[in-house]
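If you want the building blocks of each chain, they are given just below.
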Amino acid sequence: DFIFLVDIFLNYKKFAFIENGVIVSDPELIRKNYLKNWMVFDIISCLPLEIFALAFGKTYVFQLRLIHLIRVLRLPSYFESVDH
């Protein structure tokens, strides 16, 4: 999870993206793009959901851990950026 938190920070601050075939490296546009597209999903997938399981009971641990699979949604965007 720590590595993924670092990934969130870097995506928010540093990673350029491609839009309409043009590399966008303006920090403000990078932040806006990340906030608009992936940041909410990334934060949800990093939450320590086991703590919530303690509150709701052990029967929901498996279901809560499935939320971590949200990270898989990012794979196509990584492959797309590597392709360019």
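In what follows, the structure referred to is the one given above.
Reading the values: rules and limits
- Residues numbered from 1 in each chain as written.
- Predicted model: local features only at pLDDT ≥ 70, side-chain atom pairs only at ≥ 80, totals over all residues.
- Heavy atoms only, no water.
- Helix = DSSP H or I, 4+ residues; strand = E, 2+ residues; numbered from the N terminus.
- Contact = heavy atoms within 4.5 Å.
- Axes fitted to C-alpha atoms, helices over the stretch in contact; angles between N-to-C directions.
- Parallel < 35°, antiparallel > 145°, perpendicular 65-115°, else oblique.
- Left-handed = near helix turned anticlockwise from the far one by under 90°.
- Nonpolar A, V, L, I, M, F, W, Y, C, P; charged D, E, K, R; others polar.
- Salt bridge = Lys/Arg side-chain N within 4 Å of Asp/Glu carboxyl O.
- Buried < 20%, exposed > 50% of the residue type's maximum accessible area, 1.4 Å probe, protein only.

Asker: Which parts of the structure should I look at to understand the environment of Tyr 34?
Answerer: Within the element layout of this structure, Tyr 34 appears in helix α2 (residues 27-37). Note: C-alpha distance between Tyr 34 and Ala 16 (18 residues apart in sequence) is 10.0 Å. In this structure Tyr 34 touches Ile 8, Asn 11, Tyr 12, Met 39, Asp 42 and Arg 74, once residues within four positions along its chain are discounted.

Asker: I'm lost on the packing of helix α1 (residues 2-13) against helix α3 (residues 39-46) in this one. Help?
Answerer: When two helices pack together, their arrangement is given by the angle between the helix axes and by the axis-to-axis distance. Between α1 and α3, the shortest axis-to-axis distance is 10 Å and the interhelical angle comes to 165°. Judged by the inter-axis angle, α1 sits roughly antiparallel to α3. Relative to α3, the crossing made by α1 is left-handed. The segment α1 lies against α3, with Phe 4, Leu 5, Ile 8 and Tyr 12 engaging Met 39, Asp 42, Ile 43, Ser 45 and Cys 46. In terms of residue class, the contact of α1 with α3 is made up of seven nonpolar, one polar and one charged.

Asker: Would you explain the pattern of salt bridges in this entry?
Answerer: A side chain of one charge can pair with a side chain of the opposite charge if their charged atoms are brought near each other. Across all of its chains, the model carries one salt bridge by this definition. A salt bridge links Arg 31 to Glu 28; its shortest N-O distance comes to 3.0 Å. With a gap of three residues between them, Arg 31 and Glu 28 both fall in helix α2, about one helical turn apart. Under the relative-accessibility criterion, Glu 28 is labelled partly exposed at 37%.

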